[in-house]
Amino acid sequence: MEYQKPRKLYQQGQPITVKDIGLLAIARNSHEFYFNIPIEKCVWGYGWRYAKGEHPLLSFFDVDQSMDEFYKNYQPSNTLEALTLGLDKRFWHSLELPWHFDVESKLDVKERKYGQNQHLGPVSVEKLEYEKYRLKKLIQSIRENGYNPDKFGYPNLHICGYFLLKDNDFLFYIEGGKHRAIALVELGYTSLPVVAIPEPYFISHDVLTGLAGIAYPTPALPIVQTIFESYFDLQLREQRKQLVADWMRRARGESVVVF
């Protein structure tokens, strides 16, 4: 196992702000630090926040069957549909986030959807039960042993991700350690100790404009901007909350009123 020097806690654990992001982005030694992100600023998958009543997999700890309902009812065919909850009908070709650009070819929508994508259904019975088992074991382990990411060993030292920046607002997209983040929120953490990955360190409208014609065709930029904006859209956030509440009611065997 490769040894890596433990990181230092940034600003004595004070929750990070937009100003801190700019400083960390240019600091030569930013890789030496981890920092705390308020959970209301942390986001999973296609726009779900890491908060009770907003994260589909957090509901599992209240009602086991809610996870079944999530994977059964949330099966978008592409990223635009996933983030706008099907309200935007323009064509988009992939379940990948458009700024996740690789030189190598990616799995097509069908392969990705029926693979190991934990952000949407459908999943096999085996995969569903494994997700439940994994979260239960994580909760148990952290309760018994505490949470010290430096003990996990390389390369899983910390929950990691990157920033989404819009005007004076930001979100932190969790790329690695998603299950640990869920467990910590369930255990009462109000902020998550994380590190930022260097590529991409942050995504903004300027970055998306620079990727046009490289990561995606230039005419697709308006759709890419919509995908980005959907993470910050307060109306969509409320609709996601409603979906989580509906899945919880179904899991309890209660009727769901459709307006």
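Up top is the structure these notes are about.
Residues numbered from 1 in each chain as written. Predicted model: local features only at pLDDT ≥ 70, side-chain atom pairs only at ≥ 80, totals over all residues. Heavy atoms only, no water.

(A) Fine view of the nonpolar core. Grouped together as the largest cluster of nonpolar side chains are 74 residues, with contacts concentrated most on Phe35, Trp99, Phe163 and Tyr231. Non-local contacts of Trp99, meaning those with residues more than four positions away in its chain, are made with Tyr162, Leu164, Ile203, Leu208, Leu211, Ile227, Phe228 and Tyr231. (Core = buried A, V, L, I, M, F, W, Y, C linked by side-chain atoms within 4.5 Å. Buried < 20%, exposed > 50% of the residue type's maximum accessible area, 1.4 Å probe, protein only. Contact = heavy atoms within 4.5 Å.)

(B) Representation of the packing of helix H5 (residues 125–145) against helix H6 (residues 178–186) in the model. Where H5 meets H6, the axes come as close as 9 Å, and the angle between the chain directions of the two elements is 55°. Accordingly, the angle class assigned to the pair H5 and H6 is oblique. The way H5 lies across H6 gives a crossing that is right-handed. Where H5 abuts H6, its residues Glu131, Arg134, Leu135, Leu138, Ile139 and Ile142 lie against His179, Arg180, Ile182, Ala183, Leu184 and Glu186. A per-class count over the contact of H5 with H6 returns seven nonpolar, one polar and four charged. (Axes fitted to C-alpha atoms, helices over the stretch in contact; angles between N-to-C directions. Helix = DSSP H or I, 4+ residues; strand = E, 2+ residues; numbered from the N terminus. Parallel < 35°, antiparallel > 145°, perpendicular 65-115°, else oblique. Left-handed = near helix turned anticlockwise from the far one by under 90°. Nonpolar A, V, L, I, M, F, W, Y, C, P; charged D, E, K, R; others polar.)

(C) Region of the structure containing helix H2 (residues 66–73). Within the span of H2, buried status applies to Ser66, Met67, Glu69, Phe70 and Tyr71. Residues of H2 that are buried sit in contact with strand S3 (42–44), strand S4 (48–49), H5 and helix H9 (234–251).

(D) Expanded view of the packing of aromatic side chains. Applying the stated rule across the entire model yields 19 aromatic pairs. Centre to centre, the rings of Tyr10 and Phe33 are 6.1 Å apart; their planes meet at 85°, and the pair counts as edge-to-face. Of this pair, Tyr10 sits in the loop between strand S1 (8–9) and helix H1 (18–26) while Phe33 is found in strand S2 (residues 33–38), placing the two residues 23 residues apart along the sequence. Phe33 carries the same exposure label as Tyr10, and that label is buried. Seen in terms of ring centroids, Phe163 and Tyr201 are 5.8 Å apart; in terms of plane orientation they differ by 40°. Their pairing is tilted. Remark: Tyr201 occurs in the loop between strand S7 (191–196) and strand S8 (202–203) and Phe163 occurs in strand S5 (residues 159–166); sequence separation between them is 38 residues. Summarising the burial analysis for this pair, Phe163 and Tyr201 share the class buried. Pairwise contacts between aromatic rings join Trp44, Trp48, Phe70, Tyr71, Tyr74 and Trp247 into one cluster. It is Lys41 that lies over the ring of Phe170; its NZ or CZ is 5.3 Å from the centre. (Phe/Tyr/Trp six-rings, centres within 6.5 Å; stacked < 30°, edge-to-face > 60°. Lys NZ or Arg CZ within 6 Å of the ring centre and 35° of its normal.)

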